[in-house]
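Okay, here's what each chain looks like letter by letter:
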Amino acid sequence: MAAQLMRVSSLTSREKVIVVFATVHLIFLLFGVLPLPWRDRIHLTPVFSFYERITRSHQVWNMFDTIPNMHSLDARLVVKEGGQKPHLVGMVLPGLRRFSQNDQVRFHNWMMNTIFNPSRGVFRESYMKSAAAALLSSGRYGPDAEVSLEALPLYTRSLLGVRTLKEIAVERPSVLGPFRLGALVARNTANPPTP
């Protein structure tokens, strides 16, 4: 009986794989909390970057920043028709509302990760078609009017930047368009969505 208690049970091959994966993942998590300048000096950075891509576990440790990353955000549709001055319209569908200032981070993430991401053209095209249809159905714009989506985020400067440049934030605008309203809506009706 004492001999049986002294004997260590061996791990199955499945348990060994789990232990190895958990150990590698723990090392990756520990590596991930290092400051970026330290991480860049380590020669294993490409290995961890590859692991980060295949496991989709990219970490952004900005919740401990002393200054918020984004100072403010404005986004709007800009409609130009003929020689008239541009009209600024809300960009939240349905209804082309302006977004609430309380939702700045959510809208910033949606726009930058979906609408302005070059690999997600399907979402961008779908949004612009829906916005064009809403603008035309309002009756204020004709099919020859052009529409652009402008995102105007103000990113907070570092303390050093604030001290030397005497400005709190820097604007980094992104513009999508211009597109002709009639062309967008024509493409929308030519390819109706499948149920």
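Structure shown above.
What counts and how
- Residues numbered from 1 in each chain as written.
- Predicted model: local features only at pLDDT ≥ 70, side-chain atom pairs only at ≥ 80, totals over all residues.
- Heavy atoms only, no water.
- Helix = DSSP H or I, 4+ residues; strand = E, 2+ residues; numbered from the N terminus.
- Buried < 20%, exposed > 50% of the residue type's maximum accessible area, 1.4 Å probe, protein only.
- Expected span 1.5 Å × (residues − 1).

## Brief notes about unusual backbone geometry
With glycine set apart, most residues show a phi of negative sign, and most peptide bonds adopt trans. Following leucine 93, the chain continues to proline 94 via a peptide bond in cis, the omega torsion being -5°. The topology assignment puts proline 94 in the loop between strand E2 (87-89) and helix H5 (104-115). In this structure, proline 178 follows glycine 177 across a cis peptide bond, with omega equal to 10°. One non-glycine residue, leucine 96, lies in positive phi territory at about 50°. Secondary-structure assignment places leucine 96 in the loop between E2 and H5. Using a relative accessible area of 11% as the deciding quantity, one classes leucine 96 as buried. The phi torsion at lysine 166 lies on the positive side, around 60°, for a residue other than glycine. You can see lysine 166 is positioned in the loop between helix H7 (159-165) and strand E4 (169-171).

## As for helix H6 (residues 121-137)
Between its first and last C-alpha, H6 extends 24 Å over 17 residues, near the 24 Å set by a 1.5 Å rise per residue. Along H6, the residues that are buried comprise Arg124, Tyr127, Met128, Lys129, Ala131, Ala132 and Leu135. The positive-phi residue at the C-terminal boundary of H6 is glycine 139, with phi of around 80°.

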